[in-house]
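Structural description and commentary
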Amino acid sequence: MAQTAISPPAIVTVIGLGQMGLPMSRRLLLAGFKVHGADPAEPARAALAAAGGKAFASAKEAVAGASVVITMLPTGKVVREALLGPDEVAASLPKTTPIIDMSSSAPTDTTSLAEALAGLGLTLLDAPVSGGVKRAIDGSLAIMVGGPADVVEQVKPVLAAMGKSIIPTGRVGSGHAMKALNNYVSAAGLIAACEALLIGRTFGLAPETIADVLNVSTGRNNSTEVKLKPFIISEKFNSGFSFALMAKDLRIAADLAKHLGLTVPQIGAVADLWEKAKPGLGADADHTEIYRYLADLDANR
Ligand code: NAD
């Protein structure tokens, strides 16, 4: 029997109130849902409480009474630990409670997590997002959803509070596969934009001119449009998406190609470049700092 759609004022629990989880929670509150959030970081909990949600340090306390549980955590391994670790958060849920992993997790981790949760009678959807902090704030994220169609329908009002495009991708894990592929295409476009900026500047072109011309020409892409001027040419490097998280996504995409036995040379090269750059940029680096790494290559030779 089809489940009734989960609508406001149902309780939505969000585990992980970081750069993305917090603004996504604010959108849920604006749509009329009650939001119970969990995060070990006190400032994140204070920010949710200030927005009208209820914040908990313990995920197990946060999921009590929830109609649906969302995870928005760094990796699939962290998601698994949060749900199936010693706190037994998943085991405490009624079987009717869907769990949606909106983090960018590895699809193979997701399918194995879905199996483990099915053993507890629970359904997992993977619904990663694209659009970054800006689109999390204005509720216009792109959301790609894997999992059973009836459960996707059931949680649609919840997803619609956070995103504009909600695209079913097939079985569980397919959303995460799609997300890794999207970030590969995005990172490859960013590297091309950064290399063009570096070469053009060294030749004597003004950085703003390079961005302006690309943005009205066939070289235009998301990075030339929304990253070159605000974060790279300005040297602010504060897009809100970390270097480490992008490096993780690229490794997921490259591993997926390997897992499928495909020879696709550039995806591995991009993932390797990101991994090589990571240690020198520091733990808090923004992903747009790939430009700093590229610009320093000749200086450090
Ligand atoms: P973030 O590091 O800002 O936030 C993660 C939050 O999870 C932190 O507040 C941390 O304290 C919390 N956390 C860690 N372990 C926890 C646990 N066991 N229980 C509860 N909370 C815990 O990361 P983010 O930028 O918000 O990204 C989250 C996910 O979304 C990642 O998978 C990332 O790849 C993906 N993503 C990020 C962006 C972006 O622009 N930042 C865009 C799309 C997708």
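Notes on the structure in this doc start here. (Residues numbered from 1 in each chain as written. Predicted model: local features only at pLDDT ≥ 70, side-chain atom pairs only at ≥ 80, totals over all residues. Heavy atoms only, no water.)

The next point concerns the pattern of salt bridges. Across all of its chains, the model carries 8 salt bridges by this definition. Residues Lys229 and Asp212 are paired through a salt bridge, measuring 2.5 Å at the closest nitrogen-oxygen approach. Here Lys229, found in helix α11 (residues 228–233), pairs with Asp212, found in helix α9 (residues 207–215); they are 17 residues apart in sequence, far enough to count as distant. A salt bridge links Glu289 to Arg292; the nearest nitrogen and oxygen atoms lie 2.7 Å apart. Of the residues examined, Arg292 reaches a relative accessible area of 30% and is grouped as partly exposed. (Salt bridge = Lys/Arg side-chain N within 4 Å of Asp/Glu carboxyl O. Helix = DSSP H or I, 4+ residues; strand = E, 2+ residues; numbered from the N terminus. Buried < 20%, exposed > 50% of the residue type's maximum accessible area, 1.4 Å probe, protein only.)

A few words on the site of the ligand. Gln19, Met20, Asp39, Leu73 and Lys248 are the nearest of the 23 residues found near the ligand. In this structure, Met20 approaches the ligand through a main-chain N or O atom, which is 2.9 Å from an oxygen atom. Take Pro74: an N or O atom from its main chain is 3.0 Å from an oxygen atom of the ligand. Taking 840 Å² as the accessible area of the ligand by itself, protein coverage stands at 81%. In the shell around the ligand, the residues fall into 13 nonpolar, 7 polar and 3 charged. (Near = heavy atom within 4 Å. Polar contact = N/O pair within 3.5 Å; in protein donor to acceptor, adjacent residues only side chain to side chain. Areas by Shrake-Rupley, 256 points an atom, 1.4 Å probe, with all protein chains shown as cover. Nonpolar A, V, L, I, M, F, W, Y, C, P; charged D, E, K, R; others polar.)

Next up on the list: the pairing of strand β1 (residues 11–15). Of all the 5 residues making up β1, 5 are buried; the element is thus mostly covered by neighbouring parts of the structure. Of the two faces of β1, the one lined by Ile11, Thr13 and Ile15 and the one lined by Val12 and Val14 are each fully buried. Note that β1 and strand β2 (residues 34–38) share 5 bridges and pair parallel. In the sheet register, Val12 faces β2, and the bridge partner there is Val35. You can see the chain leave β1, run along helix α1 (residues 21–30) and come back into β2, and the turn it takes is right-handed. (Pairing = 2+ DSSP bridges. Right-handed = clockwise from strand over helix to strand, strands pointing away.)

Our focus in this paragraph is the packing of aromatic side chains. Inspection of the entire model under this criterion finds 1 aromatic pair. When the ring of Phe243 is compared with that of Trp274, the centres are 5.3 Å apart and the planes differ by 20 degrees; the resulting orientation is stacked. Separated by 31 residues along the polypeptide, Phe243 in helix α12 (residues 243–259) and Trp274 in helix α13 (residues 265–281) bring together distant segments of the chain. Using a relative accessible area of 0% as the deciding quantity, one classes Trp274 as buried. (Phe/Tyr/Trp six-rings, centres within 6.5 Å; stacked < 30°, edge-to-face > 60°.)

The angle between the axes and the distance between the axes are what describe a pair of packed helices. At a closest axis distance of 9 Å, the pairing of α12 and α13 adopts a crossing angle of 150 degrees. Judged on the interaxial angle alone, α13 and α12 are roughly antiparallel. Read as a crossing pair, α12 and α13 show a hand that is left-handed. Contact with α12, carried on its side by Phe243, Ala244, Met246, Ala247, Leu250, Arg251, Ala253, Ala254 and Ala257, involves Ile267, Gly268, Val270, Ala271, Asp272, Trp274, Glu275, Ala277, Lys278 and Leu281 of α13 and no other residues of that element. Within the contact of α12 with α13, the residues separate by chemical class into 14 nonpolar, 1 polar and 4 charged. (Axes fitted to C-alpha atoms, helices over the stretch in contact; angles between N-to-C directions. Parallel < 35°, antiparallel > 145°, perpendicular 65-115°, else oblique. Left-handed = near helix turned anticlockwise from the far one by under 90°. Contact = heavy atoms within 4.5 Å.)

We now examine the packing of helix α8 (residues 174–203) against helix α14 (residues 290–299). Two numbers describe how α8 lies on α14: the axes approach to 10 Å, and their chain directions differ by 45 degrees. Taken together, the axes of α8 and α14 lie oblique to each other. Note on packing geometry: the crossing formed by α8 with α14 is right-handed. Across the interface between the two elements, Leu190, Ile191, Cys194, Glu195, Leu197, Leu198 and Arg201 of α8 pack against Ile290, Tyr291, Leu294 and Ala295 of α14. Counted by class, the contact of α8 with α14 contains 9 nonpolar, no polar and 2 charged residues.

Right, let's talk about the nonpolar core for a bit. Counting 36 residues, the largest nonpolar core has Leu228, Ile232, Leu250, Trp274 and Ile290 as the members making the most contacts within it. Elements that contribute at least two residues to this core include exactly α8, α9, α11, α12, α13 and α14. Sort the elements by how many residues they give to this core and α8 lands first, with 9 residues. The residues contacting Trp274, other than those within four sequence positions of it, are Ala187, Leu190, Ile191, Phe243, Met246, Ala247, Leu250, His287 and Ile290. Core analysis: the second largest hydrophobic core is formed by 35 residues, Leu17, Met102, Val151 and Val152 among them. (Core = buried A, V, L, I, M, F, W, Y, C linked by side-chain atoms within 4.5 Å.)

A few words on α1. The buried fraction of α1 amounts to 7 of the 10 residues, a majority that puts the element mostly inside the structure. Taken together, the buried positions of α1 are Gly21, Leu22, Pro23, Met24, Ser25, Leu28 and Leu29. A positive backbone phi angle near 100 degrees is found at Gly32, which sits one or two residues after α1.

For the bond from Pro8 to Pro9, the omega torsion is 5 degrees, close enough to zero to count as cis. Examined against the element boundaries, Pro9 turns out to sit in the segment before β1. If you check the backbone angles, Glu235 has positive phi at about 60 degrees while not being a glycine. Within the secondary structure, Glu235 sits in the loop between α11 and α12. Backbone geometry at Phe237 places phi at a positive 45 degrees, although glycine is not the residue there. As for its placement among the helices and strands, Phe237 is situated in the loop between α11 and α12. What makes Phe237 buried here is its relative accessible area of 13%.

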